[in-house]
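Fold and geometry: a report
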Amino acid sequence: MTVTAADTVKRTISGTIVTWNEQGNTSVGPTVFAADSIEMKPVKLLLEHDRTRPIGKMMSHEVTKDGIVATFKIANTMAGEDALIEATEGLRDGFSVGAQINEWVNNKGVMQITSATLDEVSLVTDPAIDSARVSEVAASENEAPQEDSAPATAEEDKPTEGEQVSDTTVPAPAEETVEAAKVEAAAPKPAFYTAPRLEFTKAKYLENSIRAALGDDDARSYLRAADNTTDNAGFIPTPQSTTLINGVSNGDRGFIDALSRETLAASGMTFELPRINTAPTVALTNEEGTPSETDMGTAYISVDVKKFAGQQTVSVELIDRSSPAFFAELVRQMEFAYAKATDAYAVTRASATATASTAKAGATAANYLAFFANAAKNVYTGSLGFARNVVVSPDVWAEIMGLNDNGRPIYIASNPSNAGGALSPLSVRGNVAGLDLYVSRSLSGTGDGSIYVINPDALTFYESPRLTLQTNVIASGQISVMYYGYAAVAPKLPGGYTANDNA
């Protein structure tokens, strides 16, 4: 669903029209297209799914492991011209497919389409996936040939010695004048050109804000920005490899991924959530009897907002003389640190309120299955909602994958006679006993607190926009950059998540 490029000279727009296994919000609700689920055919390109407004047609397509990439020829009409400009300017820069659904399944409220026939593709303002945007535009015609087009100079018109010059200037033949006019009118002119769109990435944001603070007018025009630097020698412009080896950090947040998510309010360091603590009642009542009457009672949960921040300080010289790759990698590393800190905080908040399971987990497949069954019961009893996710430590993940029944791996085999779960050492996601599995580095060992079975509606993670950078030029010529954000964890229904705590 991404427009990757628009060419106003060739009058084409290209991009990914469908991404496999990526959820989007369509006219029928949350939808996912399974890999190779769309039967392709030549179709028209519409505006906003309006069949009365075709603007082009599909010229080619390629089915890849990630989705479908297509190229469309845009009609030489006013609507087509507008569409090219809108895609170029980022005003209407998304793709959306219209398809006839042949086969589908409901996967936890998400329509998972396994077979469909492409009906049309539309250029839209708001694609199903918000990140589907034009990434670069560069289009112009060739310059016109210059030979024989310039008028004769005064030196060239000067008569030679002995040549008779008339007082009356003789005009050129009419045919030659007309022909010259035709050649000039037909010469190609630059039709349209835009420089590549500004990349509003976190790294560029950081770099340009610092350059703006140092007086760079181009950086000021980039709007807000901020930069940061470390003393990593790999980014100083001495000829070195730009490949960075990183075995100490990543952006995984396994525990947070297993929770429900909401956006944090823009103000306040605490907020309250109303919760029903006494429900009204209805009871069997005799004829002319008094109905059951219990007033509904509510209480408020107070949730604290916490700040997570990190800082880097660098010299102006390193900013001016370092590789551009530095900025991108610096922001990535700060994001990784932020992810680690927030995931650990979410575990701390959950451990303080989680319900303990009475079944012991570990060592054998029977123990694990008994634990999951007991935990699922606790979650339903405590929240009137079903357990859907389980978060485990890396050690528990390894132990589960090592379980076997007479040599047969219990949680990897998928045939019906051995379908307890499916795990893979190539991913920190899987399924165990019907629960979606997540692995979190914030959990450790195989003892108490290394497994959480969760109804995600019972525990919610609130978060502000993560990237807020500030720059400060100080007298020593150094620049300090702070990366920070705000987050909160709300234990809405403490009975809705269970830990393997047998204390």
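In this numbering scheme, every chain counts its residues from 1 along its sequence in written order. Totals for whole chains, interfaces and linings use every residue, but because this is a predicted model, local features are given only for residues with pLDDT of at least 70 and side-chain atom pairs only at 80 or more, for both listing and counting. To get the side-chain values, all heavy atoms of the structure are used, and hydrogens and water are removed first.

Some points on the overall build of the chain
Put simply, DSSP H or I for four residues or longer makes a helix, DSSP E for two residues or longer makes a strand, and each gets a number counted from the N terminus. Along its length, the chain carries 10 helices and 27 strands. Exposure is judged per residue with a 1.4 Å probe applied to protein chains only, and the accessible area is read against the type maximum: over 50% gives exposed, under 20% gives buried, and values in between give partly exposed. Within the span of the chain, comprising 503 residues, buried residues form 38% of the whole. By definition in these notes, contact holds between two residues if any of their heavy atoms fall within 4.5 Å. Counted over contacts in the chain with a minimum sequence separation of 6, partners at least 24 positions apart contribute 70%. A 1.4 Å probe and the Shrake-Rupley method give the accessible areas. Residues count as covered only by the protein chains that appear here. Working note: accessible area of the chain is about 28,600 Å², and carbon and sulfur atoms make up 52% of it.

Brief notes about the pattern of salt bridges
We define a salt bridge as a side-chain nitrogen of Lys or Arg found within 4 Å of a carboxyl oxygen belonging to Asp or Glu. Using the criterion set out here, one finds 10 salt bridges in the structure. Note that Arg92 and Glu86 form a salt bridge whose closest N and O atoms lie 2.8 Å from each other. Salt bridges here are not isolated pairs; linked through shared partners, they connect Glu48, Glu86 and Arg92.

Considering the nonpolar core
For our purposes a nonpolar core is just a set of buried Ala, Val, Leu, Ile, Met, Phe, Trp, Tyr and Cys residues, chained together by side-chain atoms within 4.5 Å. Ranked by internal contacts, the top residues of the largest apolar core, which has 27 residues, are Ile17, Phe72 and Val121. Contributions of two or more residues to this core are made by strand S2 (12-19), strand S6 (44-47), strand S7 (50-63), strand S8 (67-74), helix H1 (78-89), strand S9 (94-107) and strand S10 (110-124). Top contributing element to this core by residue count: S10, with 6 residues. Among the nonpolar cores identified, the runner-up in size contains 26 residues, and Phe255, Met334, Ala346 and Val391 belong to it.

Points about unusual backbone geometry
If you check the backbone angles, Glu48 has positive phi at about 55° while not being a glycine. Along the chain, Glu48 turns up in the loop between S6 and S7. Of note in this structure, His49 is not a glycine but carries a positive phi near 65°. Assignment of secondary structure puts His49 in the loop between S6 and S7.

Some thoughts on the confidence of the model for the chain
On average, residues of the chain carry a pLDDT of 75, and 68% of them reach 70 or more. Every residue carries a pLDDT, the predictor's confidence in it, which falls somewhere between 0 and 100. When the criterion is pLDDT under 50, residues 134-198 qualifies, and its contacts beyond four places in sequence or with other chains add up to 50 contacts. Note that residues 223-240 has pLDDT below 50 and, in this model, 62 contacts with residues that lie over four places away or in other chains.

Let's talk about a nonpolar patch on the surface
In this scheme, patches are assembled from residues that exceed 30% relative accessible area and form no salt bridge. Like charges are connected within 9 Å, while nonpolar side chains (Val, Leu, Ile, Met, Phe, Trp, Tyr) are connected within 5 Å. On the surface, Tyr380, Leu384 and Phe386 cluster together to form a nonpolar patch covering roughly 380 Å² of accessible area. Note on placement: Leu384 falls in the loop between helix H9 (365-383) and strand S17 (389-392). The exposed category is assigned to Leu384, whose relative accessible area is 69%.

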